[in-house]
Amino acid sequence: QVQLVESGGGLVQPGGSLRLSCAASGRIFNIYAMGWYRQAPGKQRELVAQIPSGGSTNYADSVKGRFTISRDNARNTVYLQMNSLKPEDTAGYYCNADIWDYSGRRGTYWGQGTQVIVSS
């Protein structure tokens, strides 16, 4: 069973920083793209940033220059460094990953989410 577990959310003041982590575990053969999405109350889930197994990263316009996505393939972990946080960044943040497991199945997996609240 493949699982994604996020950590690192919390309450931060505007202008502050947080670093989110998401670790994948289970019978993983290979991980392709990994990404972070967010969903604010009353809004649809939106892509924040994505990082493929090779190639360039992709960011939502609203976070470019403030957020940085990275991954540690040896640890099957993706990170999201969030700087200069704004109240509008408040949301539940979810990681996802395109994973091929040892059973020969390839699918998209989601973490349970971690809450980020930006408020003074």
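Up top is the structure.
Residues numbered from 1 in each chain as written. Predicted model: local features only at pLDDT ≥ 70, side-chain atom pairs only at ≥ 80, totals over all residues. Heavy atoms only, no water.

Caption draft 1: Fine view of the environment of Ala-97. Looking at where Ala-97 falls in the secondary structure, it is placed in strand β9 (residues 91–101). Considering only alpha carbons, one finds Ala-97 and Tyr-32, 65 residues apart in sequence, at a separation of 7.0 Å. Non-local contacts of Ala-97, meaning those with residues more than four positions away in its chain, are made with Leu-4, Ile-31, Ala-33, Met-34, Gly-107, Thr-108 and Tyr-109. (Helix = DSSP H or I, 4+ residues; strand = E, 2+ residues; numbered from the N terminus. Contact = heavy atoms within 4.5 Å.)

Caption draft 2: Structural context of the pairing of strand β7 (residues 67–72). Side chains of β7 alternate between two faces, with Phe-67, Ile-69 and Arg-71 buried and Thr-68, Ser-70 and Asp-72 left unburied. Here β7 pairs with strand β8 (residues 77–82) via 6 bridges, running antiparallel. Directly across from Ile-69, in β8, lies its bridge partner Leu-80. Between β7 and the antiparallel strand that follows it, β8, lie 4 residues; Asn-76 among them carries a positive phi value of about 50°. (Buried < 20%, exposed > 50% of the residue type's maximum accessible area, 1.4 Å probe, protein only. Pairing = 2+ DSSP bridges.)

Caption draft 3: Representation of the state of the cysteines. In the structure shown here, the tally under the stated rule is 1 disulfide. For Cys-22, the disulfide goes to Cys-95, at an S-S distance of 1.9 Å. Placement of Cys-22 in strand β3 (residues 18–25) and of Cys-95 in strand β9 is noted, with a sequence separation of 73 residues between them. By relative accessible area, Cys-95 is classed as buried at 0%. (Disulfide = S-S within 2.5 Å.)

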